[in-house]
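As a plain string of letters, each chain reads:
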Amino acid sequence: MPLSYNQYTLEKIESVLKTQGYRVRYEKGNFKTAACLLQSSRIVVVNKFSTLESKINSLVDLLQQIPLDESLLEEKQRQFLSNLKQTALQL
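Residues numbered from 1 in each chain as written. Predicted model: local features only at pLDDT ≥ 70, side-chain atom pairs only at ≥ 80, totals over all residues. Heavy atoms only, no water.

**So, the pattern of salt bridges**
One pass over the full model with this rule turns up 3 salt bridges. Put simply, Glu 27 and Arg 25 hold a salt bridge, and the shortest N to O gap is 2.6 Å. Among the ionic pairs, Arg 78 bridges to Glu 75, the shortest N-O distance being 3.0 Å. With a gap of 3 residues between them, Arg 78 and Glu 75 both fall in helix H3 (residues 75-90), about one helical turn apart. Accessibility expressed as a relative area gives 28% for Arg 78, which makes it partly exposed. Given the relative accessible area of 48%, Glu 75 is considered partly exposed. (Salt bridge = Lys/Arg side-chain N within 4 Å of Asp/Glu carboxyl O. Helix = DSSP H or I, 4+ residues; strand = E, 2+ residues; numbered from the N terminus. Buried < 20%, exposed > 50% of the residue type's maximum accessible area, 1.4 Å probe, protein only.)

**Observations regarding the sheet that holds strand S3 (residues 43-47)**
One open sheet accounts for 3 strands, arranged S1-S3-S2; its pairing is mixed. Each having just a single partner strand, strand S1 (23-27) and strand S2 (35-38) make up the two edges of the open sheet. For this sheet the average axis-to-axis angle between neighbouring strands, irrespective of direction, equals 25 degrees. Inspection of the sheet shows S1 paired to S3 by 5 bridges, in the parallel sense. Residue pairing in the sheet places Glu 27 in a bridge with Asn 47 of S3. Helix H2 (residues 52-65) rests against S1, S2 and S3 of the sheet, and its axis sits at about 155 degrees to S3. (Pairing = 2+ DSSP bridges. Axes fitted to C-alpha atoms, helices over the stretch in contact; angles between N-to-C directions. Contact = heavy atoms within 4.5 Å.)

**Re the environment of Lys 55**
Position of Lys 55 relative to the elements: it lies in helix H2. You can call Lys 55 buried: its relative accessible area is 13%. It is 19 Å that separates the C-alpha atoms of Lys 55 and Ser 82, two residues lying 27 residues apart in sequence. Those residues within four positions of Lys 55 in sequence are excluded, and the remaining contacts are Leu 10, Tyr 26, Ala 34, Val 46, Asn 47, Lys 48 and Ser 50.

**Quick notes on helix H1 (residues 7-19)**
Helix length check: H1, at 13 residues, gives a terminal C-alpha distance of 18 Å against a target of 18 Å (1.5 Å per residue), a fit within 8%. What H1 keeps buried is the set Thr 9, Leu 10, Ile 13, Glu 14, Val 16 and Leu 17. Along H1, the residues classed as buried sweep out an arc of 155 degrees about the axis, all on the same side. Of the residues in H1, the exposed ones pointing more than 90 degrees away from the buried face are Tyr 8 and Lys 18. N-cap assignment for H1: the residue whose side-chain oxygen lies 3.2 Å from the backbone N of Tyr 8 is Asn 6. (Expected span 1.5 Å × (residues − 1). Arc of directions from axis to C-beta. Polar contact = N/O pair within 3.5 Å; in protein donor to acceptor, adjacent residues only side chain to side chain.)

**Topic: the packing of H1 against H2**
Helix-helix packing: each pair is described by the crossing angle between the helix axes and the interaxial distance. Remark: H1 packs on H2, axes separated minimally by 10 Å, with the N-to-C direction vectors making an angle of 25 degrees. Put simply, H1 runs roughly parallel to H2. Considering how the two elements wind past one another, H1 and H2 form a crossing that is left-handed. In this structure, H1 contributes Gln 7, Thr 9, Leu 10, Ile 13, Val 16 and Leu 17 to the contact, and H2 contributes Leu 52, Lys 55, Ile 56, Leu 59, Val 60 and Leu 63. In the contact of H1 with H2, the residues fall into 9 nonpolar, 2 polar and 1 charged. (Parallel < 35°, antiparallel > 145°, perpendicular 65-115°, else oblique. Left-handed = near helix turned anticlockwise from the far one by under 90°. Nonpolar A, V, L, I, M, F, W, Y, C, P; charged D, E, K, R; others polar.)

Taken by themselves, the reported measurements are silent on function.
Here it is, written out as structure tokens:
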């Protein structure tokens, strides 16, 4: 299933991160990617001037890099995460 680049997808990704104890903030910044992770504080900073597609891709990349406790996720979030992983494998 291809990844939809819309606000709803972005909100679902944010929801998964929030469930894992991360805060997502949108700020202007001069970092090279659309998002960065502040490890010690569990804060994800997203460049608010990036395109929606770039924000989603960056957050999906972060989701694949951080350890996730899937027991904290609701069933719909688990399915969404599974779809994200399959989409990433196809890319």
